Amino acid sequence: MTLLLDMVTTAAILFIVAAGLLAIFGVLKIINFAHGAWLTIGAYCAVATAGLGLNPWAALPIAFAVGAILGGITELVIVRPLYRRPLDAILATWGLGIVIGQLITLWFGRDVQFTSNLLSGTVDVFGVGYSLYRLFAVAAALVIGLAFTFLLEGTRLGLSAQAVIMNEVLARALGVDTARVRLATFIVGTGLAALAGVLLTPLTSVDPNMGVAWLIGSFMLVMVAGSSFSTLAIACIVFGGAQVLVSTFVSPILGGITVAVLCALVLRISPKGFARA
Amino acid sequence: MPENRSIPPRVWLFAAIALATAVVVVIGPALFDRFTLNVLTRSMIYAMLAVTVDILWGYTGILTFGQAAFFGTGAYASAMVLSHLGSTPALLALALALAVIVPVLLGGFVGWLSFGHGSTPLYATVISLVVPIVVTQLVFSGGVWTGSSSGLVGYSGLPLGLPGYFRLTGICLIVTTVVALVFTRSDAGKLLVAIRDNEARCAYLGLNPQRLKIVLTALLAGVAGIAGFLYANASGVVAPENTGFVFGTEIVLWTALGGRGTIIGPVMGAIGIDYLSAQLSGDLPFLWNLVVGTLFVVMIILLPNGLAQLARMALPRRNGEQANAAGSPAITVAPAGNGSTGDNRVLSVSGLGKSFGSLQVLQGIDLDVRPGELVSLVGPNGAGKTTLMRCLSDGTEATTGSVSIAGQNIDGMTPDEIVTLGVGRKFQVASVFDSLTVADCLRMARASRQAPSLLRRSATLGLPAAAADILRSTGLDRMLGQPVSLLSHGQKQSLELAMVVALEPKLILLDEPTAGLTKVERTTIGGTLQKLTGELGFAAILVEHDLDFVRDISTRIVVLHQGKLVLDGSVAEVVNSETVRTIYSGAAHA
């Protein structure tokens, strides 16, 4: 039973972490390698919030706002000139990640920080005591997933974003301001990444390089998922589940690379991953 | 000055620089203190890695973070032999051998994984990220064998001492750099740029870009393995960080800052940044990384070709005329290849069909083409003309039926294999290599028949008479040293046709070769096609919208409508046919 819960909650956490990256990749077709840095920014927002003596939950909106504002600046200054050079965009955002990591180190020091727990304790699920926070993560993943579905299906921005995903040239010819769609998507994606950083704080230690560990896993999941949130959810469940199984029955160290290896193999067999046109 | 062509002054310059560097390397230990020697030894090992990344990324266009994994594998293979078995001369030789063999095997596997049929450049980058992570985790889970997270230390390596390692590393770096420079400037080196520019065109020139990339990955993994062997010996310690993906990104960073695609730039970048890091990180540890990171971002955006670009802008430009003279080889006429085969049908199609899901694009196509025929394929937009051309040149495209080229069924064959059967395809939009010169493009077209030199730039360009004729009649023969990016649209079309003819195909497929050309250019191409088929015995299939042009040059016309072949006959038959009028002007008009 615990195993099953571990699989579901791990999938949920992967989904939360990867969602921001997927939004950006789906619309901009650009890999934001600074994604890890935004997770770190979010986590340090939680540290700062706690330092100011505010309610730990206040870190969520603060992190989203900080992440979104920085994301907007990044899109205008760094990402926009590189749309035609996607491989260079990977490098530039990776460089930005280094810069952010160093700035955080200069400001907060390189030591591991601790934050107050958002939710502590366990609850009984079918007779098994289980971490309340990990269950909350499932709810958070569902909220994020539904919010995105609403954003894509129910709003004008979402409609424009879908048009850009399908055929950017046509969308521009039809009068969609693709530059604005890209900017808005980048802002939402980075805001979400920072939010995910806050949600990670109870599960992992907070240090200036924490984001890198999460970057590759979410990056691989996004490559497999293509540009759809439902395929991302499926990918998270399948590979997150496999990760828990390998960690439990084989070795936790190999569990850490399960997602990346399986995703690479899936992409070799079917270059489009789970996203079948 | 054609006599001067054999040894351009730049070669002397490079030789002089290499010699000067060698002198510095030999007397270095007398000049530097121990700390500097240590750091420079490491920096020079890293510079070897930067050279391999530059060949893969700067020249071939494969952004890779995986060289760190091969470097780490080589280092660990050496250190494991030396710690667990000992360091007798025989075991040192074994360590070196393993440090090359294991990365080469791993590189071959990674190459196979990265470069499947139809994989994207992004996917290769993805794999190159996964490999270092996997290797690092394997090191962590290796227990006493790999020393896990603390790495391996306390083994004895080559009995050289600090000055000896400095000299050995320096010599290895100079050799690596010189070999890389010679290779990338040779005819074979242009192949890398051709792959980066236009992989599809490479395949349709009968080359196998996927296999070339796999071989390149494996070889450069071996070079990284040698660097790993040097590192394991010189530093006396190997750690998991040496294999990691973060280290992989650092190598790319040095390459980018130094200037991709220049070999020298990345070497300078690696040595400069690693040396400065070691000097400065004591005083301002985080600030230094911040400066490097910021510089990197700014460079990628504003100066994608790195500091080498600045250096090039600062140096006086070479005289354009001289560059042209040095770059233009003389055309020689290559002897014609083997002639016709027993079966005189060049192409035989029966029952060919192609569907995308439930949409039937082509069905029941039967078509035979013989040498000397110029068959025009006409039909309204969406009739399936281009799809048919694709089915004839790529054996994995057709859904049903069979296509035979010179009597051989092409089912399941890839474009480069079909090219060797004697099919040349000219695309609708001129598909050439924009970063190469006209002569280099033509040489690529001959590369599948005559392996290009790994060492030299040849002073001659061997072409079949037919291809040389096209160059002469279009004036391209006077522009051989020009970069393709400077050609006009019509000249690119002619160049592509010359490249296709240089393949000496039995059958040429042409997709709207005259689209967007002037009347004069059109006439030239029409005349060339008639000569190729009528006098030289090539067969050609031409997709064309301009019916006047078709009527002037064709020997036969085939009409395609809604995926079916509705008419196949002589020019007179088709032009006067009621069916064609109906198709082109709508049924009501009949």
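What you are looking at is a predicted structure, and each value in this text was computed from that prediction instead of being measured. (Residues numbered from 1 in each chain as written. Chains lettered and ligands numbered in written order. Predicted model: local features only at pLDDT ≥ 70, side-chain atom pairs only at ≥ 80, totals over all residues. Heavy atoms only, no water.)

### Notes on the overall build of chain A
Cut-off, in case you're wondering: Per the convention used, a helix needs a DSSP run of H or I reaching at least four residues, while a strand needs a run of E reaching at least two, with both numbered from the N terminus. Throughout, the radius of gyration refers to the C-alpha atoms, and the reference size of a globule is 2.2 Å times the residue count to the power 0.38. Any residue under 20% of the maximum accessible area for its type is buried, any over 50% is exposed, and the rest in between are partly exposed; the area is computed with a 1.4 Å probe on protein chains only. Working rule for contacts: check all heavy atoms of both residues, and any pair within 4.5 Å makes them a contact. Counted as positive: Lys and Arg. Counted as negative: Asp and Glu, with His and the chain ends omitted from the count. Note on charges: their place is set at NZ of Lys, CZ of Arg, CG of Asp or CD of Glu.
If you tally the helices and strands in chain A, you get eleven helices and two strands. Element order for chain A, N to C, with α for helix and β for strand: α-α-α-α-β-β-α-α-α-α-α-α-α. Relative to the 2.2 N^0.38 estimate, which gives 19 Å for 277 residues, the radius of gyration of chain A is 18 Å and therefore close to what a compact globule would have. For chain A, the spread of C-alpha atoms along the three principal axes comes to 60 × 45 × 35 Å. A burial count over chain A gives 52% of its 277 residues as buried. Counting only contacts in chain A whose residues sit at least 6 apart along the sequence, the fraction spanning at least 24 positions is 75%. Of the side chains in chain A, 13 bear a positive and 9 a negative charge, and the two mean positions are spaced by 13 Å.

### Quick notes on unusual backbone geometry
Its identity is not glycine, yet Lys29 of chain A carries a phi of approximately 55°, on the positive side. Note on placement: Lys29 of chain A falls in the loop between helix 1 (2-28) and helix 2 (35-51). By relative accessible area, which is 43% here, Lys29 of chain A ends up partly exposed. Even without glycine at this site, Glu504 of chain B takes up a positive phi of about 50°. Along the chain, the position of Glu504 of chain B falls in the loop between helix 19 (489-502) and strand 11 (507-511).

### Details of empty space enclosed by the protein
Applied cut-off: Cavities and pockets were defined on a 1 Å grid built from protein atoms only: a cavity is a group of points that admits a 1.4 Å probe but offers it no way out, a pocket is an open group of points flanked by protein on both sides within 12 Å along at least five of seven lines, and a lining residue is one with an atom within 4 Å of any such point. Grid points are joined across faces, edges and corners, and a volume is the space filled by probe spheres set on the points. All residues other than Ala, Val, Leu, Ile, Met, Phe, Trp, Tyr, Cys, Pro, Asp, Glu, Lys and Arg, Gly among them, are scored as polar; the first ten of these are nonpolar and the last four charged.
Here the structure, examined in full by the defined rule, presents four cavities of 30 Å³ or more. Of the pockets and cavities examined, the largest cavity occupies roughly 170 Å³. Forming the walls of the largest cavity are 15 residues, and the residues nearest its centre are Val27, Phe148, Leu152, Ala161 and Thr185 of chain A. Listed by contribution, the elements that provide at least two residues to the lining of the largest cavity are helix 1, helix 5 (132-154), helix 6 (156-166) and helix 8 (178-200) of chain A. Residue classes in the lining of the largest cavity are distributed as eleven nonpolar, four polar and no charged. In this structure, the second largest cavity encloses a volume near 110 Å³. Taken together, 13 residues make up the lining of the second largest cavity; nearest its centre are Ile62, Thr64, Val110, Ser128 and Thr217 of chain B. Those elements that provide at least two residues to the lining of the second largest cavity are helix 3 (67-84), helix 4 (89-114) and helix 5 (121-140) of chain B.

### Concerning the pairing of strand 2 (residues 128-131) of chain A
Residue and element names in this part refer to chain A. For the record, the criterion: Strand pairing follows a simple DSSP-based rule, namely that at least 2 bridges must link the two strands.
Note: strand 1 (residues 122-125) against strand 2, four bridges, orientation antiparallel. Bridge pairing in strand 2 links Val125 to Val128. Hairpin geometry of strand 1 and strand 2 is characterised by an intervening segment of two residues between the two adjacent antiparallel strands and by a positive phi of about 50° at Phe126.

### Remarks on the interface of chain B and chain A
By a frequent convention, interface size equals the accessible area lost on bringing the separate parts together. The following threshold applies: We define buried area as the total accessible area lost by two parts upon association, computed with a 1.4 Å probe and summed across both. Within this document, salt bridges are pairs made up of a side-chain nitrogen of Lys or Arg and a carboxyl oxygen of Asp or Glu, the two lying within 4 Å of each other.
Facing 37 residues of chain B, the contacting portion of chain A comprises 38 residues. Both faces considered, chain B and chain A share a buried interface measuring about 3200 Å² in area, 83% of it formed by carbon and sulfur atoms. Of all residues in chain B, Leu122, Phe286 and Ile301 of chain B give up the largest surface area on contact with chain A, accounting jointly for 19% of the area buried on that side. Counting across the chain B and chain A interface gives one salt bridge. For Arg260 of chain B, the salt bridge goes to Asp88 of chain A, with nearest N and O atoms at 3.1 Å.

### Concerning helix 8 of chain A
Cut-off, in case you're wondering: Any helix carries an expected span of 1.5 Å times its number of residues minus one.
With 23 residues, helix 8 of chain A should cover 33 Å at 1.5 Å per step; its first-to-last C-alpha distance of 32 Å lies within 8% of that length. A large share of helix 8 of chain A lies buried, amounting to 17 of its 23 residues.

### Some thoughts on the pairing of strand 13 (residues 556-561) of chain B
All names here are of chain B. Judged by how many residues are buried, strand 13 sits mostly within the fold: five of six residues are covered. The pairing of strand 6 (residues 374-378) with strand 13 spans four bridges and is classified as parallel. Across the sheet, the residue bridging to Val375 is Arg556, located in strand 13. Relative to strand 14 (residues 564-569), strand 13 is paired through five bridges, and the arrangement is antiparallel. Considered in strand 14, the bridge of Leu560 is made with Leu565.

### Things to note about the sheet that holds strand 5 (residues 359-369) of chain B
All names here are of chain B. Rules: Comment: axis = line fitted to C-alpha atoms, over the contacting stretch for helices; angle = value between 0 and 180 degrees taken between N-to-C directions.
The strand order 5-4-7-8 describes an open sheet built from four strands, whose pairing is antiparallel. Both edges of this open sheet fall to strand 5 and strand 8 (408-409), since each of them pairs with a single strand only. Bridge analysis of strand 4 (residues 347-356) against strand 5 gives seven bridges, and the strand direction is antiparallel. Looking at the pairing, Ser355 lines up with Gln360 of strand 5. Against the sheet, helix 15 (residues 385-393) makes contact with strand 4, strand 5 and strand 7 (400-405), and its axis sits at roughly 120° relative to strand 4, the strand it touches most.

### A word on the packing of aromatic side chains
Spelled out, the test is: Each Phe, Tyr or Trp ring, with Trp reduced to its six-membered ring, pairs with another whose centre is within 6.5 Å; inter-plane angles below 30 degrees give stacked pairs, above 60 give edge-to-face pairs, and intermediate values give tilted ones. Any Lys NZ or Arg CZ that is within 6 Å of a ring centre and within 35 degrees of that ring's normal is treated as a charge sitting over the ring.
Counted according to the given criterion, the structure contains 19 aromatic pairs over all chains. Pairing Tyr46 of chain B with Phe71 of chain B gives two aromatic rings, centres 6.4 Å apart and planes at 75°, and the pair type is edge-to-face. Pair noted here: Tyr46 of chain B is in helix 2 (residues 34-59) and Phe71 of chain B is in helix 3, with a separation of 25 residues, a long-range link. Since its relative accessible area comes to 0%, Phe71 of chain B is described here as buried. Pairwise contacts between aromatic rings join Phe33, Trp94 and Phe219 of chain A together with Phe65 and Phe245 of chain B into one cluster. Across from the ring centre of Tyr204 of chain B, 5.3 Å away, lies the NZ or CZ of Arg425 of chain B, which sits over that ring.

### Describing the confidence of the model for chain B
Low-pLDDT stretches of the model should not have their predicted coordinates read in fine detail. Residue and element names in this part refer to chain B. This is how the line gets drawn: pLDDT runs from 0 to 100 and stands for how confident the predictor is about each residue.
Residue-level pLDDT values for chain B average 84, and 93% of them are 70 or greater. For chain B, helix 14 (residues 320-327) is the element with the lowest average pLDDT, namely 44, and helix 9 (residues 209-235) is the one with the highest, namely 94. Contacts of residues 318-326 to residues separated by more than four positions or lying in other chains number five contacts, the stretch itself having pLDDT below 50. A low-confidence stretch, residues 338-342 (pLDDT under 50), is modelled with three contacts involving residues beyond four sequence positions or located in other chains. For this predicted complex, the interface confidence score (ipTM) comes to 0.85, while the overall pTM stands at 0.86.

### A word on the sheet that holds strand 6 of chain B
All names here are of chain B. The strand order across the open sheet built from six strands is 9-11-12-6-13-14, with neighbouring strands paired in mixed fashion. If you trace the sheet from one side to the other, it starts and ends with strand 9 (423-426) and strand 14, each paired once. Along the sheet, successive strands turn relative to each other by an average axial angle of 15°, direction set aside. Summarising the sheet, strand 9 and strand 11 pair through four bridges and their orientation is parallel.

### Re helix 1 of chain A
Residues and elements named next belong to chain A. Here is the rule we go by: Note on bend: the value at a residue is the angle between axes fitted to the seven residues ending there and to the seven starting there.
Helix length check: helix 1 (27 residues) gives 39 Å between terminal C-alpha atoms against 39 Å at 1.5 Å per residue, within 8%. Taken as a whole, helix 1 carries its principal kink of about 40° at Ala18. With 21 of 27 residues buried, helix 1 is to be regarded as a mostly interior element. In the segment just after helix 1, Lys29 is the residue with positive phi, at about 55°.

### Points about the side chain of Arg443 of chain B
Along the polypeptide, Arg443 of chain B turns up in helix 17 (residues 438-446). A relative accessible area of 10% places Arg443 of chain B in the buried class.

### A closer look at the nonpolar core
Stated formally: In plain words, nonpolar cores are sets of buried Ala, Val, Leu, Ile, Met, Phe, Trp, Tyr and Cys residues tied together by side-chain atoms within 4.5 Å.
By size, the foremost hydrophobic cluster in this structure holds 208 residues, and its most contacted members are Leu442 and Leu495 of chain B. Here this core gets 16 residues from one element, more than from any other, and that element is helix 1 of chain A. If we ignore the near neighbours within four places in the chain, the residues touching Leu495 of chain B are Val432, Val438, Cys441, Leu442, Leu476, Val484 and Leu487 of chain B. Listed in part, the 29 residues of the second largest apolar core include Val349, Ala383, Cys391 and Val543 of chain B.

### Notes on the environment of Thr460 of chain B
Residue and element names in this part refer to chain B. Tracing the sequence through the fold places Thr460 in strand 10 (residues 460-463). Overall, Thr460 belongs to the partly exposed group, its relative accessible area being 40%. In sequence terms Thr460 and Val333 are 127 residues apart; their C-alpha atoms lie 9.9 Å from each other. In this structure Thr460 touches Pro329, Ala330, Thr332 and Arg443, once residues within four positions along its chain are discounted.

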